[in-house]
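The residues making up each chain are set out below.
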Amino acid sequence: MNSMVSTVRGIFTLSKSETSNSPSDEAKSDLKVLSVAWNQEWSGFIVGTNRGFNVYSCKPMIKKSISREPHESGFKVAEMLFLSNLFALVGNGYNNSEYPPNKVFVWDDHRYCCLRELAFKSEVIAVKLTREHIVVVLKQNIYVYTFNNLKVDRLIETLMNPKGLCCVTHIESKAVLACPGFHPGQVQVHNLRRNVIKFIKAHDSDIACMTLTLDGSLLATASTKGTLIRIFNAFDGTLLQELRRGMERAEIYNVAISSNLKWVAASSEKGTLHVFRLRPDILSFDPASSSSFIRGILPKYLYENERSFAQFSLPASTKFIVGFGSENTVLLLGIDGRRCKFDQADGGQMVELEHKYFFSLQETGDTMVVM
């Protein structure tokens, strides 16, 4: 295995900064947003910049709660554990810098120190956190660590994974992980408790994004073609529903399934947020009772791809990730944040309820959104 764990204290020289709602107050001549990531329940998010990281809460309104600046190259990956004081950070510096891209720093913001450091021989692409695990994604390997002792629980091999695609459930009684398989369009689903692996042929082309429900029962995927979103039973690989984003190819940035299992949201380079209805009986539907059921794939007439129920438009090529709030609201995050509401009876165009600027648009430069 090509990883090692070490303990370091006070590795960061972090400074507190005042909370401000004004973009001009936060503007810095070379500020760039490197990553934006939700916490596990869409109640907060973390923004990694070339100066450090900022943490925001979303309830009841979007508000900055923490700002840390290491005064070096910043963090290209930043992840948070719910609304706790623990964060996982990957530096944006060179390999010989203080914050190299091949190390994961587990930061305790109450103590203002780094609790643990995970080092690898290659660049870290993504990190996922749960209360039980730290998941580190490399280009062709995924390391799953037990959180309390940072021992390697398992090593998962994948095909080339430059986007660091990986999703993990966050309910303590469940432990399900999904990531790319060994072939284009294939997803492997791991039950980390039972040591069971299911391979799902989700698409013909490469996977662009994926997500699991909180309990790991449903898996949503989109391919690099970007026209369809498919919903699978994550345990047996059955295709349950097919949703159509559009007819033209597009890069899908992010897919989210609401916690009440009623809605699916997707963002893409077309600049449109799409919200789809999930089948009301999607978890109880038994395709095996159909005589036309073959190899885990439903006959097409049972899952004719469905158009989006509600939409919200942004400028084309605007990179943003999505999450669900309360009372039929959807949150959109990029270099700024928006909260929108849709009519659950009639759908159609969504209404914007909140628009929050994180940074001055003139100062952020090119933005890369990390899922």
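Residues numbered from 1 in each chain as written. Predicted model: local features only at pLDDT ≥ 70, side-chain atom pairs only at ≥ 80, totals over all residues. Heavy atoms only, no water.

- Looking at an unreviewed UniProt entry, one finds the protein named Autophagy-related protein 18c and attributed to Arabidopsis arenosa.
- What UniProt records for the protein under Subcellular location (unreviewed entry) is the sentence "Preautophagosomal structure membrane".
- Among the UniProt annotations of the protein, the heading Sequence similarities (unreviewed entry) holds the following wording: "Belongs to the WD repeat PROPPIN family." (UniProt positions renumbered as here; feature names shortened; annotations may be inferred.)

### Comments concerning the overall build of the protein
Here is step 1: Helices and strands together make up the secondary structure of the protein, namely one helix and 31 strands.
Here is step 2: Relative to its 371 residues, the protein shows a buried fraction of 57%.
Here is step 3: Counted over contacts in the protein with a minimum sequence separation of 6, partners at least 24 positions apart contribute 48%. (Helix = DSSP H or I, 4+ residues; strand = E, 2+ residues; numbered from the N terminus. Buried < 20%, exposed > 50% of the residue type's maximum accessible area, 1.4 Å probe, protein only. Contact = heavy atoms within 4.5 Å.)

### What to know about the sheet that holds strand β21 (residues 228-233)
Here is step 1: Strand order in this open sheet of four strands is β19-β20-β21-β22, and the pairing throughout is antiparallel. The sheet is open, and its two borders are formed by β19 (207-212) and β22 (239-244), each paired with just one other strand. Across the sheet, the axes of successive neighbouring strands diverge by a mean angle of 20 degrees, strand direction being ignored.
Here is step 2: Where β21 lies against β22, five bridges are found, and the strand directions are antiparallel. Residue pairing across strands places I229 opposite L243, the latter belonging to β22. (Pairing = 2+ DSSP bridges. Axes fitted to C-alpha atoms, helices over the stretch in contact; angles between N-to-C directions.)

### A closer look at the pattern of salt bridges
Here is step 1: This model, assessed by the stated rule, comprises twelve salt bridges.
Here is step 2: A cluster of three or more residues bridged by salt bridges with shared partners is formed by D336, R338 and E352. (Salt bridge = Lys/Arg side-chain N within 4 Å of Asp/Glu carboxyl O.)

### With respect to the pairing of strand β11 (residues 126-129)
Here is step 1: Because side chains alternate across β11, one face comprises the buried residues A126 and K128, and the other comprises V127 and L129, equally buried.
Here is step 2: The sheet contact formed by β11 and strand β12 (residues 133-137) spans four bridges and is antiparallel. Bridge pairing links K128 to V135 in β12.
Here is step 3: Following β11, the chain reverses through three residues before pairing antiparallel with β12.

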